[in-house]
Every structure is written in C-alpha cells, then in structure tokens.
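Residue-level listing of the chains:
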Amino acid sequence: MDEIVESGWREFVTQEFGTLTATDERDIAEMVVDEPNRHLWRVVDAAYDRLTCTECGNRLSRGPAGCTGCDLANGFRYVAIEIDRPGVPPGNEHALRVNISVVRRPSGISWREVLGRRLFLPYLLDGYLPTTRQAQAARALLNVGGTAEDLAEYLNLAWGGDRTQLAD
Ligand SMILES: [Zn+2]
C-alpha cells in the first residue's frame, strides 16, 4: 500500500529534481506539504510520510485520532490533486485515495470500515469503481459477518469482469 504513494513520490522527485539525498527529500516534503493543493495526492501523502508530527512523534498525519497536528494534516491532504488513471471510471482515483488514507490511518475508524476499505483496494487498483449501491451492499455483507471471500464473490458477481457497466 505504501508502494502506491511511494511510486507517485519517486516519479515526482525524479522528474522535478533528479537524484536526491534523504535530507533533500525532507526539504522537498516540507515544500510539498506547504502547498498541498499544487501536488498530486500520492506526492502529498508520501511527503507526510517523510515528516514527523511535532506533537505525537508519529509520521505526520498518521498519529492517533485527536492529535491536533495529525488531524490537521489529515484534513489538508484532501486539497491535493487527483487525476484518474487512463481507462478507469471517473472517481476511481478519489475512491482509491480515500481508501488508502483510511487504511493507513485507521485510528478512530471502526475496524469493519477499515476492513471493508482494505478489501476494496485491489478492485480499485484494477480500475473498478463500486456504485453507491454496491458499496452499501458490500458494507452490509461485512456487517453481518461476511468474510473477504464473501465480498470477493459478491463483487465478482456484481462486475463479472466488466468495468464499463459500472456507471451508477
Ligand atoms: Zn500527531
């Protein structure tokens, strides 16, 4: 999962700056975090990973819910830019981003929701996007004790390998 944001970071750093030391990377991370609205979300999330929260000592934005520094950073990350990858339904990148940030910072979120979001990740990475109804049905399935296999079966039935039918 970290690799998803790391690959975005490497692409950005290599393109803009070439090869860098860890110290340079931290400077760039600070610059990115100062203007999250000018960067892709993967770059912003990776920048947070390179900075330490002065309040709780965790990687910035990943500390416990209630840490002011992390809560603020977690809110600001959403002004970053999202661009759908080619060939995926519009909104896929947003769903991917939300699910990844919940899974990477589960504090304060129910374990069922974290589990559901984690289980959806491979599908989102494959370019699927659940409709609101499908997402609710999947959540209901997990709420009554459904397993990862149940969810996979439901999603395979719902999509049958065809991502073009997914418009809500
Ligand atoms: Zn913190």
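Right, let's walk through the structure included here.

## Let's talk about the overall build of the protein chain
Turning to step 1, where the next piece is worked out: When helices and strands are counted, the protein chain shows eight helices and zero strands.
Turning to step 2, where the next piece is worked out: Along the protein chain, helices and strands appear, N-terminal first, in the series α-α-α-α-α-α-α-α.
Turning to step 3, where the next piece is worked out: Against the 2.2 N^0.38 benchmark of 15 Å for 168 residues, the protein chain shows a C-alpha radius of gyration of 17 Å, consistent with a compact globule.
Turning to step 4, where the next piece is worked out: Taking the principal axes of the C-alpha coordinates as reference, the protein chain spans close to 50 × 35 × 20 Å.
Turning to step 5, where the next piece is worked out: Sorting the 168 residues of the protein chain into buried and exposed places 42% on the buried side.
Turning to step 6, where the next piece is worked out: Long-range contacts, defined here as pairs at least 24 residues apart, represent 54% of the contacts in the protein chain between residues at least 6 apart.
Turning to step 7, where the next piece is worked out: Accessible surface computed for the protein chain: about 9100 Å², of which carbon and sulfur atoms make up 52%.
Turning to step 8, where the next piece is worked out: Separation between the mean location of the 18 positive side-chain charges and that of the 25 negative ones in the protein chain comes to 3 Å.

## Focus: the nonpolar core
Turning to step 1, where the next piece is worked out: In this structure, W9, F12 and V32 are the most contacted members of the largest nonpolar core, which totals 37 residues.
Turning to step 2, where the next piece is worked out: Broken down by secondary-structure element, the contributors of at least two residues to this core are α1 (2-17), α2 (22-34), α3 (41-49), α4 (68-76), α5 (92-104), α6 (111-125), α7 (132-143) and α8 (148-159).
Turning to step 3, where the next piece is worked out: When residues of this core are assigned to their parent elements, the largest contribution, six residues, is made by α3.
Turning to step 4, where the next piece is worked out: Residues lining this core come from more than one domain, with at least three contributed by each of domain 1 (2-79) and domain 2 (111-166).
Turning to step 5, where the next piece is worked out: Contacts of V32, omitting those with residues within four sequence positions, involve W9, F12, H39, V43, V44 and A47.

## Some thoughts on the coordination of the zinc ion
Turning to step 1, where the next piece is worked out: Distances from the zinc ion to its protein donors, C53 (SG), C56 (SG), C67 (SG) and C70 (SG), fall at 2.3 Å.
Turning to step 2, where the next piece is worked out: Sequence positions of the residues that donate to the zinc ion give the spacing C-x2-C-x10-C-x2-C. One end of the pair, C53, is in the loop between α3 and α4; the other, C70, is in helix α4, and 17 residues separate them in sequence.

## Re the packing of α1 against α3
Turning to step 1, where the next piece is worked out: Interaxial distance between α1 and α3 falls to 8 Å at its minimum, and their mutual angle equals 100°. Accordingly, the angle class assigned to the pair α1 and α3 is roughly perpendicular. On the side of α1, the interface is formed by I4, V5, E6, G8, W9 and F12, while α3 contributes W41, R42, V43, D45, A46, A47 and D49.
Turning to step 2, where the next piece is worked out: By residue class, the composition of the contact of α1 with α3 is eight nonpolar, one polar and four charged.

## With respect to the environment of R26
Turning to step 1, where the next piece is worked out: Here R26 lies in helix α2.
Turning to step 2, where the next piece is worked out: C-alpha of R26 to C-alpha of L40: the two residues are 14 residues apart in sequence and 17 Å apart in space.
Turning to step 3, where the next piece is worked out: With near-sequence residues (within four places) excluded, R26 lies in contact with R50 and L51.

## Some remarks on a nonpolar patch on the surface
Turning to step 1, where the next piece is worked out: A cluster of nonpolar residues, L40, I81 and I83, forms a patch on the protein surface that exposes about 250 Å² of accessible area.
Turning to step 2, where the next piece is worked out: Position of I81 relative to the elements: it lies in the loop between α4 and α5.

## Comments concerning α8
Turning to step 1, where the next piece is worked out: Along its 12 residues, α8 runs 16 Å from first to last C-alpha, staying within 8% of the 16 Å computed at 1.5 Å per residue.
Turning to step 2, where the next piece is worked out: Along α8, the residues classified as buried are L151, L155 and W159. For α8, the arc enclosing every buried residue in end-on projection is 50°, short of the 170-degree limit, so these residues lie on one face. The outward face of α8, more than 90 degrees from its buried face, is lined by the exposed residues E149, E153 and L157.
Turning to step 3, where the next piece is worked out: The inward-facing, buried residues of α8 contact α6 and α7.
Turning to step 4, where the next piece is worked out: Following α8 by one or two positions, G160 adopts a phi angle in the positive range, close to 50°.

Calculation criteria
- Residues numbered from 1 in each chain as written.
- Predicted model: local features only at pLDDT ≥ 70, side-chain atom pairs only at ≥ 80, totals over all residues.
- Heavy atoms only, no water.
- Helix = DSSP H or I, 4+ residues; strand = E, 2+ residues; numbered from the N terminus.
- Rg over C-alpha atoms; globule rule 2.2 N^0.38 Å.
- Buried < 20%, exposed > 50% of the residue type's maximum accessible area, 1.4 Å probe, protein only.
- Contact = heavy atoms within 4.5 Å.
- Areas by Shrake-Rupley, 256 points an atom, 1.4 Å probe, with all protein chains shown as cover.
- Lys, Arg positive; Asp, Glu negative; His and termini not counted.
- Charge placed at Lys NZ, Arg CZ, Asp CG, Glu CD.
- Core = buried A, V, L, I, M, F, W, Y, C linked by side-chain atoms within 4.5 Å.
- Domains from an automatic or database assignment.
- Donors = N, O, S within 2.8 Å, 3.2 Å for Na, K, Ca; no water.
- Axes fitted to C-alpha atoms, helices over the stretch in contact; angles between N-to-C directions.
- Parallel < 35°, antiparallel > 145°, perpendicular 65-115°, else oblique.
- Nonpolar A, V, L, I, M, F, W, Y, C, P; charged D, E, K, R; others polar.
- Patch = residues over 30% accessible without salt bridge, like charges linked within 9 Å, V, L, I, M, F, W, Y side chains within 5 Å.
- Salt bridge = Lys/Arg side-chain N within 4 Å of Asp/Glu carboxyl O.
- Expected span 1.5 Å × (residues − 1).
- Arc of directions from axis to C-beta.

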